[in-house]
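Each chain, written out:
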Amino acid sequence: MSLLTLVTEPWPDYGLLDSGHGRKLERYGRFRFIRPEPQAMWAPAQGNWEADGDFIAASDEEGGGKWHLSRDVPRGGWHMHWEEVRFVAQNTPFRHLAFFPDMAPQWAWMRERTGEGDEVLNLFGYTGVGSLALAAKGARVTHVDASKKSVEQGKANAFLSDMADRPIRWMVDDAVKFAAREVRRGRRYHGILLDPPKFGRGPDGEVWRLEEHLPGLIAHCRALLDQDSKFLVLTVYAVRMSALAIGELLRQALVDLGGTVEVGEMAVREEARGLLLPTAIFARWSR
């Protein structure tokens, strides 16, 4: 398997302005924010950054920290868009802003392979930007996330995008349990999107550990695909894993379906110098 690099280019509502010394400066709509970024080991292009907010990470390795925001930043969020999808961006306690801009190339790739009426499953769907990007192309989407708050935000984003009437099933559920039930029901999907966290909990306290539970979930996903299926996309933000490793996991699970498995890194292009800031790894299957 060859390694690819998927690059998120700046768009009107988002851009990586500068990066370096373990931090990054980004624009989200009309606001600019500074966040920690361990991969930015180089020096920044500019010496001083002006921002509307700065996330100060906690000293432990498990994440955590606190936003320091100006009074101009709406605590309830503000509107942004990607293509025809409208959504609310917001400073969350988890340092991100309620969506992941580096998923844009994956959204575009899936949209190219999605036709009217295709059934698509989005596991760990979060606030629904990916689900809405596919629904805009005519997909019938099943959106699953363990967080009721995230699913409610997804519904609000659908309303904001004038897609509240699209055929989207909004499910508050544990991803593994839901996929297993779909297998028992004999369901099939044309496409599947997986964006799992390194660690998480389901609505009933179910524990998710990426390294432990990913192979079983991929096995469920294989059972939900058939000869009419078109794609499966897996993104992983746990830097200790390898793109080659998750690519081989997909290749072995889906080998009987034929098609192609691609693996590689996801990155965002910095506006200041054009350099690429790596953010995640991925593996994806298509036919």
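About the cut-offs
- Residues numbered from 1 in each chain as written.
- Predicted model: local features only at pLDDT ≥ 70, side-chain atom pairs only at ≥ 80, totals over all residues.
- Heavy atoms only, no water.
- Helix = DSSP H or I, 4+ residues; strand = E, 2+ residues; numbered from the N terminus.
- Rg over C-alpha atoms; globule rule 2.2 N^0.38 Å.
- Buried < 20%, exposed > 50% of the residue type's maximum accessible area, 1.4 Å probe, protein only.
- Contact = heavy atoms within 4.5 Å.
- Areas by Shrake-Rupley, 256 points an atom, 1.4 Å probe, with all protein chains shown as cover.
- Lys, Arg positive; Asp, Glu negative; His and termini not counted.
- Charge placed at Lys NZ, Arg CZ, Asp CG, Glu CD.
- Axes fitted to C-alpha atoms, helices over the stretch in contact; angles between N-to-C directions.
- Left-handed = near helix turned anticlockwise from the far one by under 90°.
- Phe/Tyr/Trp six-rings, centres within 6.5 Å; stacked < 30°, edge-to-face > 60°.
- Pairing = 2+ DSSP bridges.
- Salt bridge = Lys/Arg side-chain N within 4 Å of Asp/Glu carboxyl O.

Student: Looking at this model, I keep getting lost on the overall build of the protein. Mind explaining?
Tutor: A count of helices and strands for the protein gives 6 helices and 17 strands. In terms of C-alpha radius of gyration, the protein reaches 19 Å, essentially the compact-globule figure of 19 Å for 287 residues. Taken along its principal axes, the extent of the C-alpha atoms in the protein is 55 × 40 × 35 Å. A burial count over the protein gives 51% of its 287 residues as buried. Across the protein, every contact between residues at least 6 apart in sequence was considered, and the portion connecting residues at least 24 apart equals 62%. Carbon and sulfur atoms make up 50% of the accessible area of the protein, which amounts to about 13,200 Å² in all. Within the protein, the 39 negative side-chain charges are centred at a point lying 3 Å from the centre of the 37 positive side-chain charges.

Student: So what exactly am I meant to see when it comes to the packing of helix α5 (residues 210-223) against helix α6 (residues 243-254) here?
Tutor: Interaxial distance between α5 and α6 falls to 10 Å at its minimum, and their mutual angle equals 35°. Considering how the two elements wind past one another, α5 and α6 form a crossing that is right-handed. Every residue of α6 that contacts α5 at Leu214, Pro215, Ile218 and Arg222 is listed here: Ile246, Leu249, Leu250, Ala253 and Leu254.

Student: Looking at this structure, how should I read the side chain of Asn122?
Tutor: When you line up the elements, Asn122 lands in strand β9 (residues 119-123). Exposure remark for Asn122: the relative accessible area of 3% places this residue in the buried category. Among residues more than four places away in sequence, those in contact with Asn122 are Gly130, Ser131, Thr142, His143, Val144 and Leu193.

Student: Please clarify how the packing of aromatic side chains should be interpreted in this entry.
Tutor: Counted by the stated rule, this structure contains 15 aromatic pairs. Where Trp82 meets Trp107, the ring centres are 5.2 Å apart and the plane angle is 65°; that geometry is what we call edge-to-face. Note that Trp82 is positioned in strand β7 (residues 78-82) and Trp107 in helix α1 (residues 104-112), a separation of 25 residues in sequence. In this pair, the class of Trp82 matches that of Trp107, namely buried. Plain terms: the ring middles of Phe100 and Tyr237 are 5.7 Å apart, the flat faces sit at 40° to each other, and that makes the pair tilted. With a gap of 137 residues between them, Phe100 in the loop between β8 (85-89) and α1 and Tyr237 in the loop between β15 (231-236) and α6 connect regions that are remote in the sequence. Using a relative accessible area of 24% as the deciding quantity, one classes Phe100 as partly exposed. Here the aromatic cluster, defined as three or more aromatic residues joined through ring pairs, consists of Trp11, Tyr14, Tyr28, Phe31, Phe33, Phe55, Trp67, Trp78, Phe87 and Phe99.

Student: What should I look at first to understand the sheet that holds strand β6 (residues 65-69) in this one?
Tutor: What holds strands together in a sheet is hydrogen bonding between their backbones, with the strands either parallel or antiparallel. With mixed pairing, 5 strands are arranged side by side in an open sheet as β2-β3-β4-β5-β6. Edge positions in the sheet fall to β2 (14-20) and β6, since each of these pairs with one other strand and no more. With direction set aside, neighbouring strand axes in the sheet form an average angle of 20°. Where strand β4 (residues 31-36) lies against strand β5 (residues 53-57), 2 bridges are found, and the strand directions are parallel. Paired with Ile34 across the two strands is Asp54, which belongs to β5.

Student: Which parts of the structure should I look at to understand the environment of Asp54?
Tutor: Note on placement: Asp54 falls in strand β5. Sequence separation between Asp54 and Ile34 is 20 residues, and the spatial gap between their C-alpha atoms is 4.6 Å.

Student: Sorry, what's going on with the pattern of salt bridges here?
Tutor: Should their charged atoms come close, side chains of opposite charge can pair. Under the definition given, this model contains 21 salt bridges. Across the pair Arg111 and Glu84 runs a salt bridge, and its minimum N-O distance is 2.9 Å. Highlighted residues: Arg111 in helix α1 and Glu84 in the loop between β7 and β8, separated in sequence by 27 residues. The salt bridge involving Arg169 is made with Glu182; its shortest N-O contact spans 3.2 Å. Separated by 13 residues along the polypeptide, Arg169 in strand β11 (residues 168-172) and Glu182 in helix α4 (residues 175-185) bring together distant segments of the chain. By relative accessible area, Arg169 is classed as partly exposed at 33%. Judged by its relative accessible area of 1%, Glu182 falls in the buried class.

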